[in-house]
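Summary of the model geometry
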Amino acid sequence: MSKLNASDIQGFVLRGYNLPVARYLFLHFEDATRARSLIARLLGHITTGQRWDAGKPQSTVNIAFTHRGLEHLELPLATLLTFPVEFQQGMRQRAALLGDTGVNSPDHWDPLWRNDHIHVHAWLGINGQSVEALDTRQAAIQSALDQTGGATILACQEAAAVFINGKPTTKEHFGFTDGFGNPDYLGVERSTQPGQGKLMPDGKTWAPLATGELLLGYADEAGELPVAPVPHLLAANGTFMVYRKLHQNVATFRAFLDRQAALYGGGKEKLAAKFIGRWRDGTPIERSPDKPDSSIAQDPNLSTDFTYGGDLAGARCPMGAHLRRVHPRDAFGFNGRLINRRRITRRGLPYGPFAAEDQPVSDADDRGVVFMALNASLSRQFEFVQQQWVQYGNDSHLGNDKDVLMGNHGGHGRFVVQGDSSNTNPPFVCSNLPDFVELRGGDYFFLPSITALGMIALGLVDPR
Amino acid sequence: MSNINGKVYALNVITPMKPWKTWILRTAFFVLDHVKPLQQDLVNLSFIEFARWVVIPRNDFPYLGGDQKKEVLKYDYLLFFSNFNGTWNQYIDAFSAVLSRGLNLIWRWSEKFPGSVPVTLFKEYIARVQFDTDYYYTAYPQATANDLKSAHIVQSSFDSLNLVAGQSNPQQFADAYLHFVLAVQDHLGETGEAPVVG
Amino acid sequence: MPNKNGSVYGLTILSPIIEDEKATPSHDLQIRNYLAKLSIREESPFAQAPGTHLARLVVMDDVIYVGMPACEEHLKSKYLVFESNCDGELDTYLTGLATNIPEHLDAIWKHCVGYPGAANCEAFVDYMKACQLDTTFYFAAVNDKSVPESLRALQTQSAVANFIATHQGADPVTLQRDFIEFAAHLESQPPPPPGSMGPYREIKTGGRNE
């Protein structure tokens, strides 16, 4: 396959920057000409996928557009119509399909995302080493905005890694360690780990996924070029991004866990591990069912290398655990071939103040996670996982049961922890599940290549 | 008219075949039926409730006389009726990903079949040769093939436990009950509405 | 026997539809209109007659032209496709249809050539067999359970899940006593009606749903 031209791909796509703080600006365009000149001005800021041989920069910038944003940039209608239907509709119109109902329905979203007249046109993501670095970069961007009059900033969303003892971690607000499991793709240089790619026919080793599962213009796992907008030059080296602001009800979560753990023979930490599929320190319970083990959690050769073939009944990792739902590996048989086209790359960060286990929390506190996912096809990858594996359970043989942490339960529903006959691993049923997570807004974005950005800035997109 | 009822989708497909190829297809079905790999793969895919292929030789369209005109056709026809769970896209994606050889063995004898891999051309072909259902009934719209299989496991485990329930002492019953829960713990998913499609 | 898989029968019927230019609307459209108004739930004719797991009715207008170099050709009649996955032997099933839902059968099939009416069971069964196609390859995920058994199992599954959820940590004496009561209650409940979406809701004393 062709070598990737890292200078043409936005860095945000190719790697997680591992910078501890971020600020996401949401822009609105008024006038197409001024907006295009703004993009031309911002081109010099955009971080590419090239390696940082001189060390990490203080801050990075990346940009993506909603379909309405592309319309306001006056891309030709013929081009706009070649974008996938789900992207044209936008995430709000897909609410029923995504299970964004009840507390997650657009009626409850932040005003930014449910304004019928002023829509989000672009996302500008700034990642940085410190809040000061973010401020500096934002000031430079503001100056470009002032000089071109190209856009207004509708809102900013702050996000930051959870700091413990002054050091950034990959923890999230429920106390779990996140940051594992981004897929490996052919040609994308990063530190790879066994378990992140696709399973080989031997059932044990892993190989990178086809590049086209992430980037448009490359062969995908189905052995073809993924469906993409035209012209090729606009789509190639680009990808689609999902942005979802997920509020976390930490108080409800802690209370629920305490109440259920009192009845559960394995104890509170084990029950928490059963929800996700990893102990709170990140040890996969499939590998270490009885206790966390930092020698596994911190070893990249072990922390994502496991399969479910030896645990088909779910006694180690429950059938409905979050990890098992969103990345079934070989759980559906056929050596994992049914799931290779359902993988996504995640790039989000938590937002809001972190509260340790012993500190008081309230559901009303503004904290949660900014969930961002990258994939070549929104409908085949993210939407499918959300609709079929998170808000539903048939593929896992769980009927209508939803993901215990992410599902919109509304006080109903069950989570079954399969077990065995030992006292410390009994079968257990959690019922009347509350909503631990609430969607507060978001949308679908297109993250173009550097070339495509240039074409957009110059108004040179030609639909042929 | 709807192809969907609850959790199940009714797919109807008709494809033309040159009559001399029909015999090869019949042989292929015989092989697939007796060598058993196709049946096993279909079982493992677990989202098909019922599926059938029907060959209609060109002279065998039902003819009842009267004013009906007899058909005069060049091609034999292969009808395919499937009752499956999940979306149309998911169904074809899955078949293309894991059953492509079996599919090719069945449909390569149909005119203009592009092969089941890669999937986009395959989907275009199916969309072209699919016709829509006018009326679709299922006795259990709230259940998928998986739900049904699980339900039968629960029923049979429950019946076994019920047999001994009255005849054991509480401790014996508690042991039998644990045994019972372990047998059914993978099969307790709720049934109900299907996810909204598009 | 290709039409059978275990205890399930794959019935494929292709009935030629009457071609009559003078009929307004045409016979195929009349069938479509009737089917459009027919319930697909508990009130469906296939729920009233026994033995149908899944069934479909499709008005097949014509064969489909797949494009050059294939030849274009057309059927001289339209056909009503009846695909049924049912319990038991063919004769029993067809007789069951004729006995239980003759008005629906007549309303649909009177538009088909040579249909004798459902009043005469034997003639009806012969007519259906004359329109029957042999299934070449038949697959069934669950091929050994009847419709009533399946409906009862679904009800049991739902009730058992509730019982397990509400009896965690129960002491053995309570557990046993509750289970015996639960089993008796479950056995006395009628199975949910075929075609319905879910658990049967009992109407308790006083005639109100409590």
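All values derive from a computational prediction rather than experimental measurement.

Counting its regular elements, chain B contains seven helices and six strands. Ordered by position from N to C terminus, the α and β elements of chain B give β-β-α-α-β-β-α-α-α-β-β-α-α. The C-alpha atoms of chain B give 22 Å as radius of gyration, which overshoots the globular expectation for 198 residues (16 Å, by more than 25%). C-alpha atoms of chain B, sized along the principal axes, occupy 75 × 40 × 35 Å. A buried classification covers 61% of the 198 residues belonging to chain B. A sequence separation of at least 24 residues applies to 77% of the contacts in chain B between residues at least 6 apart. A total of about 7700 Å² of accessible surface is found on chain B, and carbon and sulfur atoms cover 56% of it.

Right, let's get into the overall build of chain A. Per the secondary structure count, chain A includes 14 helices and 15 strands. The C-alpha atoms of chain A give 22 Å as radius of gyration, which agrees with the globular expectation for 464 residues (23 Å, within 12%). Judged by the C-alpha coordinates and their principal axes, chain A covers about 70 × 50 × 45 Å. Burial analysis of chain A (464 residues in total) assigns 60% to the buried set. Counting contacts in chain A only where the partners sit at least 6 residues apart, residues at least 24 apart contribute 71% of the total. The positive charge centre, built from 45 side chains, and the negative charge centre, built from 48, are 3 Å apart in chain A.

Looking now at the interface of chain A and chain C. The interface is formed by five residues belonging to chain A together with five residues belonging to chain C. Note on chain A versus chain C: buried area summed over both sides is about 390 Å², and carbon and sulfur give 48% of it. Counting the contacts that link chain A with chain C gives two residue pairs in polar contact (both at pLDDT 80 or more). The element contributing the most residues to the side of chain A that touches chain C is strand S14 (residues 428-431) of chain A, with three residues. For the side of chain A that touches chain C, the per-class residue count stands at three nonpolar, one polar and one charged.

So, on to the interface of chain B and chain C. Contacts between the two partners involve 92 residues from chain B and, on the opposite side, 90 residues from chain C. Across the interface of chain B and chain C, roughly 7700 Å² is buried in total on both sides, 65% from carbon and sulfur atoms. The largest share of the area that chain B buries against chain C comes from Arg 52, Tyr 135 and Tyr 137 of chain B, three residues that together contribute 13% of it. Counting every contact that joins chain B to chain C gives 38 residue pairs in polar contact (both at pLDDT 80 or more). Among the elements that make up the side of chain B that touches chain C, the one with the highest residue count is helix H6 (residues 145-165) of chain B (13 residues). Across the side of chain B that touches chain C, the residue classes break down as 51 nonpolar, 24 polar and 17 charged. Pairing analysis gives four bridges linking strand S3 (residues 48-56) of chain B to strand S6 (residues 137-140) of chain C, with the strands arranged antiparallel. Note that in S6 of chain C the partner of Phe 50 of chain B across the bridge is Ala 140 of chain C.

Glancing now at helix H7 (residues 172-188) of chain C. All names here are of chain C. Its 17 residues place the ends of H7 24 Å apart at the C-alpha level, agreeing with the 24 Å of an ideal helix rising 1.5 Å per residue. Buried within H7 we find Leu 175, Gln 176, Phe 179, Phe 182, Ala 183 and Leu 186. Down the axis of H7, the sector holding all buried residues measures 130 degrees, keeping them to one side. More than 90 degrees from the buried face of H7, the exposed residues found are Glu 181 and Ser 188.

A few words now on the packing of aromatic side chains. This structure, assessed with the given rule, holds 58 aromatic pairs over all chains. Measuring from centroid to centroid gives 5.6 Å for Phe 113 of chain B and Tyr 125 of chain B, while their planes differ by 75 degrees, and the two rings are edge-to-face. Of the two residues, Phe 113 of chain B is situated in the loop between helix H4 (100-107) and helix H5 (119-129) and Tyr 125 of chain B in helix H5; the sequence distance between them amounts to twelve residues. For the pair formed by Phe 113 of chain B and Tyr 125 of chain B, the shared burial category is buried. Taken together through their ring pairs, the aromatic side chains of Phe 12, Tyr 17, Tyr 24, Phe 26, Trp 52, Trp 113, Trp 123 and Tyr 243 of chain A make up a single cluster. Over the aromatic face of Phe 306 of chain A sits the side chain of Arg 329 of chain A, whose NZ or CZ is 4.0 Å from the ring centroid. The residue whose ring lies beneath Arg 26 of chain B is Trp 23 of chain B, and the NZ or CZ to ring-centre distance is 5.4 Å.

Let's shift gears to a negative patch on the surface. Taken together, Asp 67 of chain B together with Glu 19, Asp 20 and Glu 21 of chain C make up a surface patch of like negative charges. As for its placement among the helices and strands, Glu 21 of chain C is situated in the loop between strand S2 (8-16) and helix H1 (27-37). Residue Glu 21 of chain C is classed as exposed on the basis of its relative accessible area of 83%.

If you look at the biggest cluster of nonpolar residues, it comprises 106 residues, and the most contacted ones within it are Tyr 24, Phe 65, Leu 70, Trp 123 and Phe 275 of chain A. Beyond its immediate sequence surroundings of up to four residues, Tyr 24 of chain A is in contact with Trp 123, Leu 124, Gly 125, Ala 155, Cys 156, Gln 157, Ala 159, Tyr 243, Leu 349, Val 370 and Met 372 of chain A. Listed in part, the 67 residues of the second largest apolar core include Val 390 of chain A together with Tyr 77, Phe 95 and Leu 103 of chain B.

Let's shift gears to empty space enclosed by the protein. By the definition in use, this model includes nine cavities of 30 Å³ or more. Together, Leu 11, Val 13, Trp 53, Phe 80, Tyr 91, Ile 92, Phe 95, Leu 103, Trp 107, Phe 122 and Ile 126 of chain B line the largest cavity. Among the elements of the structure, strand S2 (8-17), helix H3 (88-98), H4 and H5 of chain B are those that each provide at least two residues to the lining of the largest cavity. Within the lining of the largest cavity, the residues separate by chemical class into eleven nonpolar, no polar and no charged. Put simply, the second largest cavity is a space of about 70 Å³. Along its surface, the second largest cavity is lined by Glu 49, Phe 50, Tyr 140, Ala 145 and Leu 148 of chain B together with His 53, Ala 141, Val 142, Lys 145 and Ser 150 of chain C. Those elements giving two or more residues to the lining of the second largest cavity turn out to be S3 and H6 of chain B. Across the lining of the second largest cavity, the residue classes tally to six nonpolar, two polar and two charged.

Definitions and cut-offs
- Residues numbered from 1 in each chain as written.
- Chains lettered and ligands numbered in written order.
- Predicted model: local features only at pLDDT ≥ 70, side-chain atom pairs only at ≥ 80, totals over all residues.
- Heavy atoms only, no water.
- Helix = DSSP H or I, 4+ residues; strand = E, 2+ residues; numbered from the N terminus.
- Rg over C-alpha atoms; globule rule 2.2 N^0.38 Å.
- Buried < 20%, exposed > 50% of the residue type's maximum accessible area, 1.4 Å probe, protein only.
- Contact = heavy atoms within 4.5 Å.
- Areas by Shrake-Rupley, 256 points an atom, 1.4 Å probe, with all protein chains shown as cover.
- Lys, Arg positive; Asp, Glu negative; His and termini not counted.
- Charge placed at Lys NZ, Arg CZ, Asp CG, Glu CD.
- Buried area = accessible area lost by both parts, 1.4 Å probe.
- Polar contact = N/O pair within 3.5 Å; in protein donor to acceptor, adjacent residues only side chain to side chain.
- Nonpolar A, V, L, I, M, F, W, Y, C, P; charged D, E, K, R; others polar.
- Pairing = 2+ DSSP bridges.
- Expected span 1.5 Å × (residues − 1).
- Arc of directions from axis to C-beta.
- Phe/Tyr/Trp six-rings, centres within 6.5 Å; stacked < 30°, edge-to-face > 60°.
- Lys NZ or Arg CZ within 6 Å of the ring centre and 35° of its normal.
- Patch = residues over 30% accessible without salt bridge, like charges linked within 9 Å, V, L, I, M, F, W, Y side chains within 5 Å.
- Salt bridge = Lys/Arg side-chain N within 4 Å of Asp/Glu carboxyl O.
- Core = buried A, V, L, I, M, F, W, Y, C linked by side-chain atoms within 4.5 Å.
- 1 Å grid on protein atoms, 1.4 Å probe; cavity = no way out; pocket = protein on both sides within 12 Å on 5 of 7 lines; lining within 4 Å.
- Points joined across faces, edges and corners; volume = space filled by probe spheres on them.

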